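In case you want the letters, here they are:
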Amino acid sequence: MDHQANAHGEQHDVHLPDPSIWPLVVGVAALFLGGALIYWSRVDDQTFAGPLLGAAIVSTLIAVFGWAYEDGQMRKKAAEGAHGQPKPTRYTQVVTFALAEGKLDQARKSGIIHDLESSDNQLRDLDGFQDLRIIVSPAATGPSQVLVETTWSDREGLATYEETRQTMLDIIAKHTDEVVPGTVQVFDMEVIRDTKDVTFRFGTGAAFTVIAGLMLGGFMIGAGLNLFASESTGTGGGTPQPTVPANPFRVVATDNRFDKKEIVAGPNAEITITLVNNGRAKHNIHFTTTKGGPTLAPGAEGEIIDGGGTETKVTFTTPGVGEYYFLCDLHPDQMNGIFRVVEGGPVGTGEAPAGAGAGTTPTTGG
Ligand SMILES: [Cu+2]
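So, how was this worked out
Residues numbered from 1 in each chain as written. Predicted model: local features only at pLDDT ≥ 70, side-chain atom pairs only at ≥ 80, totals over all residues. Heavy atoms only, no water. Helix = DSSP H or I, 4+ residues; strand = E, 2+ residues; numbered from the N terminus. Buried < 20%, exposed > 50% of the residue type's maximum accessible area, 1.4 Å probe, protein only. Contact = heavy atoms within 4.5 Å. Areas by Shrake-Rupley, 256 points an atom, 1.4 Å probe, with all protein chains shown as cover. Salt bridge = Lys/Arg side-chain N within 4 Å of Asp/Glu carboxyl O. UniProt positions renumbered as here; feature names shortened; annotations may be inferred. Pairing = 2+ DSSP bridges. Patch = residues over 30% accessible without salt bridge, like charges linked within 9 Å, V, L, I, M, F, W, Y side chains within 5 Å.

Draft legend 1. Spotlight on the overall build of the protein chain. If you tally the helices and strands in the protein chain, you get seven helices and 12 strands. Taking all 366 residues of the protein chain together, 36% fall into the buried category. Across the protein chain, contacts joining residues at least 24 apart in sequence account for 68% of those joining residues at least 6 apart. Working note: accessible area of the protein chain is about 20,400 Å², and carbon and sulfur atoms make up 59% of it.

Draft legend 2. A look at the pattern of salt bridges. Tallying each qualifying case throughout the model produces seven salt bridges. Aspartate 259 is the salt-bridge partner of lysine 260, the closest N and O atoms lying 3.6 Å from each other. Using a relative accessible area of 13% as the deciding quantity, one classes lysine 260 as buried. A relative accessible area of 22% places aspartate 259 in the partly exposed class. The partner of arginine 340 in a salt bridge is glutamate 323, with the nearest N and O atoms 2.7 Å apart. Residue arginine 340 is located in strand E12 (residues 336-341), and its partner glutamate 323 is located in strand E11 (residues 322-327); the two are separated by 17 residues in the primary sequence. By relative accessible area, which is 51% here, glutamate 323 ends up exposed. A single network of salt bridges, built from pairs that share partners, joins Arg250, Glu311 and Lys313.

Draft legend 3. Expanded view of the environment of leucine 52. Topologically, leucine 52 is positioned in helix H2 (residues 49-82). With 16 residues separating them along the chain, leucine 52 and alanine 36 place their C-alpha atoms 5.8 Å apart.

Draft legend 4. Representation of the UniProt feature "transmembrane region" (unreviewed entry) in the protein chain within the structure. As recorded in UniProt, the feature "transmembrane region" (unreviewed entry) lies at residues 21-42, 48-69 and 202-225. Between the C-alpha atoms that bound residues 48-69 there is a distance of 31 Å. The span itself is 95% helix and 0% strand.

Draft legend 5. Molecular detail of the pairing of strand E7 (residues 262-265). The alternating pattern of E7 places Ile263 and Ala265 on a buried face and Glu262 and Val264 on a face that is not buried. As paired strands, E7 and E12 are joined by four bridges and run parallel to one another. Counted as the bridge partner of isoleucine 263 is phenylalanine 339 from E12.

Draft legend 6. Structural context of a nonpolar patch on the surface. Together, Ile57, Leu61 and Phe65 line one region of the surface with nonpolar side chains, adding up to about 310 Å² of accessible area. Here phenylalanine 65 lies in helix H2.

And the structure:
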């Protein structure tokens, strides 16, 4: 729908996209989302995976909607332009001069162009200063044309600058050996139309604050999801019981993680742990005295089972109170946890929530 500016002088119907940070934000958010997804799928410890993923999704949505919103604003602005909406006026001072033949390199390194560039820092602290542009058209032979443009948000800024500061003209006057005599021209101009969006509706700082805030919100939502997930996993229905999990002995394996980082049981009692393999890879559950230590008790080494919802039962007698270890023999680095034997801990099969499927005979595994 973009029309090129035509020769009629009226350019109100032109919809030129302004420079925008949103494509960049979308890109970064997509990268972040990809990273979070990889983290979520790969990393054993899921504590931060949910929050990270939540934040990534929220930031991606923000980026996409932000871009769409800004584009909408641009269209609206283009439409308003057609109705002659007054725009803030800006002022530009243009100084042109010709550099003597062969002086361009010198002017750039230490001469007039170098000095003009350095003046940028002094200009920045002046009220109303917006930008400085130096444009050179280098010529192989003959003089090179130079154009210096300073832009101001109001006439006062330009006037103050001309009265109080070393102006471009002063700088040029110091380099008479480089400037071709009689070529200096100065124009104080008013900007009629500019695609540069000076009255930026929404400061970049404010935008980033909002984005950061919303990402934090996403992080919190993700944390909540994690909490919910850990509460509801393995219950097989029924109401969540935050303090006592409905089935402490049911462990669900996926690729490659266990849903529990810790299994708690009472001492000196026969227990049956059910391992459900909901992954695609083969897994098992094996209780040992310590990381790398021997099997905790006879029968405490579960068989390796295929994925796809298969189950196996591991029955053994718990030792005395203490802290032990469990792992998957195929993925010991990713799938492991603490087996904690505490006084008064749960015992039995833990086969199903109370009332459902009670009395299932445990079968000895391994
Ligand atoms: Cu495994």
